[in-house]
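Inside the fold
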Amino acid sequence: MRSFKSHISVIFPLLILLFAIEFSLMLGKFVSDYEIKMANDDAVIKRILPHSEAAEQSVIGSMMMDKQAILTASEIVTREDFYQQQYGILFEAMVELYNAGKEVDPVTLQNHLREKKVPKEISDMEYVRDLLNVVPTSANIKHYAEIVAEKATLRRLIRAAEEVTNNCYMDDQPLEQLMEESEKKMFQVFQQKNASDF
């Protein structure tokens, strides 16, 4: 019969091997759970910027419905304030027609959009008419435009804050310079907001 020592010399390496396998499995599960958590965190980080598609559509629909709404909206928002690019294009086209003293209706708008060579899906008559039917009245145009302007300001604040954060992480500028640049970025956002209020 083998001695106790000889048994130990055989069993001990097996125990080490089993422990190593178990540890590998646990580590694999931990890594897998960590990767899932990171993927979830990624989804949270990649958040959609503030905007209101309903408000943007309502602004465009109201402007097509009422000439006065074009003037009201143009005093509050600009093309760049629209999150959805197609609504910004339509907004700009209607303001151009209004400033030229032309009627703004689906037909004249479609013709002007074609002259500007915008994508066909935006100048499509059906698309334009659908937006006209979004709102029953243009009475709330000021409210809709203010929502669009507010969301645009939030987006600018987020972008400015991201730039400031990135500059801080780079850590390649004197603190005073970083503070001054950060203040300028925020001040520009506030200036734009104040300009739209008058």
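Above this note sits the structure.
Residues numbered from 1 in each chain as written. Predicted model: local features only at pLDDT ≥ 70, side-chain atom pairs only at ≥ 80, totals over all residues. Heavy atoms only, no water.

1. What about the packing of helix 3 (residues 67-74) against helix 4 (residues 85-99)?
Where helix 3 meets helix 4, the axes come as close as 10 Å, and the angle between the chain directions of the two elements is 115 degrees. Of the possible angle classes, the one that applies to helix 3 and helix 4 is roughly perpendicular. Helix 4 is crossed by helix 3, and the crossing has left-handed handedness. Between helix 3, through Lys67, Ile70, Leu71, Ala73 and Ser74, and helix 4, the contact on the second element is made entirely by Phe91, Met94, Val95 and Tyr98. (Axes fitted to C-alpha atoms, helices over the stretch in contact; angles between N-to-C directions. Helix = DSSP H or I, 4+ residues; strand = E, 2+ residues; numbered from the N terminus. Parallel < 35°, antiparallel > 145°, perpendicular 65-115°, else oblique. Left-handed = near helix turned anticlockwise from the far one by under 90°. Contact = heavy atoms within 4.5 Å.)

2. A closer look at unusual backbone geometry
Unusually for a residue other than glycine, lysine 117 sits at a positive phi of about 55 degrees. By the element assignment, lysine 117 lies in the loop between helix 5 (106-115) and helix 6 (120-123). In this structure lysine 117 comes out as exposed when scored by relative accessible area, which is 73%. (Buried < 20%, exposed > 50% of the residue type's maximum accessible area, 1.4 Å probe, protein only.)

3. Let's talk about the nonpolar core
Judged by nonpolar contacts, the single largest core of 32 residues is most densely connected at Val59, Ile60, Met63 and Leu109. When residues of this core are traced back to their parent elements, those giving at least two are helix 2 (53-65), helix 3, helix 4, helix 5, helix 7 (125-132) and helix 8 (141-170). The biggest single contributor to this core is helix 4, with eight residues. Residue contacts for isoleucine 60: discarding those within four places in its chain leaves Phe82, Tyr87, Leu90, Phe91, Met94 and Leu131. (Core = buried A, V, L, I, M, F, W, Y, C linked by side-chain atoms within 4.5 Å.)

4. Here we look at the pattern of salt bridges
Counting across every chain of the model gives six salt bridges. For glutamate 92, the salt bridge goes to arginine 79, with nearest N and O atoms at 2.6 Å. Taken together, the positions of glutamate 92 in helix 4 and arginine 79 in the loop between helix 3 and helix 4 put the pair 13 residues apart, joining distant regions of the chain. In this structure, lysine 116 and glutamate 96 form a salt bridge, with 3.2 Å as the shortest nitrogen-oxygen distance. Residue lysine 116 is found in the loop between helix 5 and helix 6, and its partner glutamate 96 is found in helix 4; the two are separated by 20 residues along the sequence. Lysine 116 gets classed as partly exposed once you look at its relative accessible area, which sits at 29%. (Salt bridge = Lys/Arg side-chain N within 4 Å of Asp/Glu carboxyl O.)

5. A short note on the packing of aromatic side chains
A ring pair, where both rings are aromatic, is described by two values, the distance of the centres and the angle of the planes. Scanning all chains against the criterion turns up one aromatic pair. Between the aromatic rings of phenylalanine 82 and phenylalanine 91, the centroid separation amounts to 5.2 Å while the plane-to-plane angle is 40 degrees, which identifies the pairing as tilted. Each member of the pair, phenylalanine 82 as well as phenylalanine 91, carries the same accessibility label: buried. (Phe/Tyr/Trp six-rings, centres within 6.5 Å; stacked < 30°, edge-to-face > 60°.)

6. Looking at the environment of asparagine 111
On the secondary structure map, asparagine 111 appears in helix 5. Considered as a pair, asparagine 111 and methionine 125 are 14 residues apart in the sequence and their alpha carbons are 9.7 Å apart.

7. Digging into the side chain of serine 62
Within the secondary structure, serine 62 sits in helix 2. Taking the relative accessible area as the measure of exposure, serine 62 reaches 0% and is therefore buried. Among residues more than four places away in sequence, those in contact with serine 62 are Ala69, Val135, Thr137, Ser138, Ile141 and Tyr144.

8. A word on helix 4
In this model, helix 4 (15 residues) spans 21 Å end to end at C-alpha, consistent with the 21 Å of a helix rising 1.5 Å per residue. Buried residues of helix 4: Tyr87, Gly88, Ile89, Leu90, Phe91, Ala93, Met94, Val95 and Leu97, and no others. Along its buried surface, helix 4 packs onto helix 2, helix 3, helix 5, helix 6 and helix 7. Of the residues flanking the end of helix 4, it is glycine 101, one or two places downstream, whose phi is positive at about 75 degrees. (Expected span 1.5 Å × (residues − 1).)

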